[in-house]
Amino acid sequence: MRKYSRPVQWVASLLVLALFAIVLFVFLIGPEILTRYDKAHMTTISCEVTAAYAGSASTRSLKGGGTSLPQVEYRSPDCGNLVLSRGLTVALAEKRAAEIVRGERYDFRIGGGSARLRGLFQAFGVAPDVTGVRADGGN
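It should be emphasised that the depicted structure is a prediction, and the values quoted were computed from it without experimental measurement. (Residues numbered from 1 in each chain as written. Predicted model: local features only at pLDDT ≥ 70, side-chain atom pairs only at ≥ 80, totals over all residues. Heavy atoms only, no water.)

Caption draft 1: The packing of aromatic side chains, seen in detail. Going through the model one piece at a time under the given rule, you end up with 1 aromatic pair. Between Tyr-74 and Phe-108 the ring centres are 5.2 Å apart and the planes differ by 70°, which places this aromatic pair in the edge-to-face class. You can see Tyr-74 sitting in strand β3 (residues 66-76) and its partner Phe-108 sitting in strand β5 (residues 105-111), a full 34 residues away along the chain. When sorted by exposure, Tyr-74 lands in the same class as Phe-108, which is buried. (Phe/Tyr/Trp six-rings, centres within 6.5 Å; stacked < 30°, edge-to-face > 60°. Helix = DSSP H or I, 4+ residues; strand = E, 2+ residues; numbered from the N terminus. Buried < 20%, exposed > 50% of the residue type's maximum accessible area, 1.4 Å probe, protein only.)

Caption draft 2: Here's a closer look at the pairing of β5. With 5 of 7 residues buried, β5 is to be regarded as a mostly interior element. Pairing geometry for β5 and strand β6 (residues 129-135), over 5 bridges, is antiparallel. Each residue of the ladder has a partner; that of Phe-108, found in β6, is Val-133. (Pairing = 2+ DSSP bridges.)

Caption draft 3: Highlighting the layout of surface pockets. In this structure, the largest pocket encloses a volume near 820 Å³. In terms of lining, the largest pocket is formed by 24 residues, of which the most central are Pro-31, Leu-34, Ser-114, Phe-121 and Val-126. Those elements giving two or more residues to the lining of the largest pocket turn out to be α1 (6-40), α4 (118-123) and β6. The dominant element in the lining of the largest pocket, judged by the number of residues it contributes, is α1, at 10 residues. The residue makeup of the lining of the largest pocket, split by class, is 15 nonpolar, 5 polar and 4 charged. (1 Å grid on protein atoms, 1.4 Å probe; cavity = no way out; pocket = protein on both sides within 12 Å on 5 of 7 lines; lining within 4 Å. Points joined across faces, edges and corners; volume = space filled by probe spheres on them. Nonpolar A, V, L, I, M, F, W, Y, C, P; charged D, E, K, R; others polar.)

Caption draft 4: How the structure looks around the nonpolar core. Formed by 18 residues in total, the largest nonpolar core has its most connected members in Ile-45, Val-72, Tyr-74, Leu-82 and Phe-108. Secondary structure elements with two or more residues in this core: β1 (42-48), β3, β4 (80-84), α2 (90-99) and β5. Looking at which element gives the most residues to this core, the answer is β5, with 3 residues. The residues touching Phe-108, leaving out its near neighbours within four places in the chain, are Thr-43, Thr-44, Ile-45, Cys-47, Val-49, Tyr-74, Leu-82, Val-130, Gly-132 and Val-133. (Core = buried A, V, L, I, M, F, W, Y, C linked by side-chain atoms within 4.5 Å. Contact = heavy atoms within 4.5 Å.)

Caption draft 5: Highlighting the environment of Ile-100. Inspection of the secondary structure assignment puts Ile-100 in the loop between α2 and β5. The residues touching Ile-100, leaving out its near neighbours within four places in the chain, are Val-49, Ala-52, Tyr-74 and Tyr-106.

Caption draft 6: View of the pattern of salt bridges. By the definition in use, this model includes 5 salt bridges. Residue Glu-73 is joined to Arg-75 by a salt bridge in which the shortest nitrogen-to-oxygen separation is 3.2 Å. Classification of Glu-73 by relative accessible area gives buried; the value is 18%. The partner of Asp-136 in a salt bridge is Arg-105, with the nearest N and O atoms 3.9 Å apart. Note that Asp-136 is positioned in the segment after β6 and Arg-105 in strand β5, a separation of 31 residues in sequence. (Salt bridge = Lys/Arg side-chain N within 4 Å of Asp/Glu carboxyl O.)

Read these as layout, nothing more, since geometry by itself doesn't imply function.
Here is the structure:
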């Protein structure tokens, strides 16, 4: 078995530790920080909506349990996909999706951090949560 010098072992150990720290941040600490930041820094973005679909999102816990929550997914060429899920019933989600007029602009209430990171979310196939949707007042 090949023996590596102390500096090489030290650098390899630092790289493994850095990788562990990055994974820990991305999956555990980062989402919590983003959630808290979003709650404190709400903003409104205006997006053209080309489609809206009522559906459900599934959640899982570490204990193996989970639930299904109604949601509306909005598709927009300028804002990407956005999801509204808070306070919805199945009937209300279907109603909200049916009310959308394709090609019209809508104002979405979204956390400031999520608004800035939309492009990154889209690259990973994640749709940021919005807390409200209304017809754009600029039309």
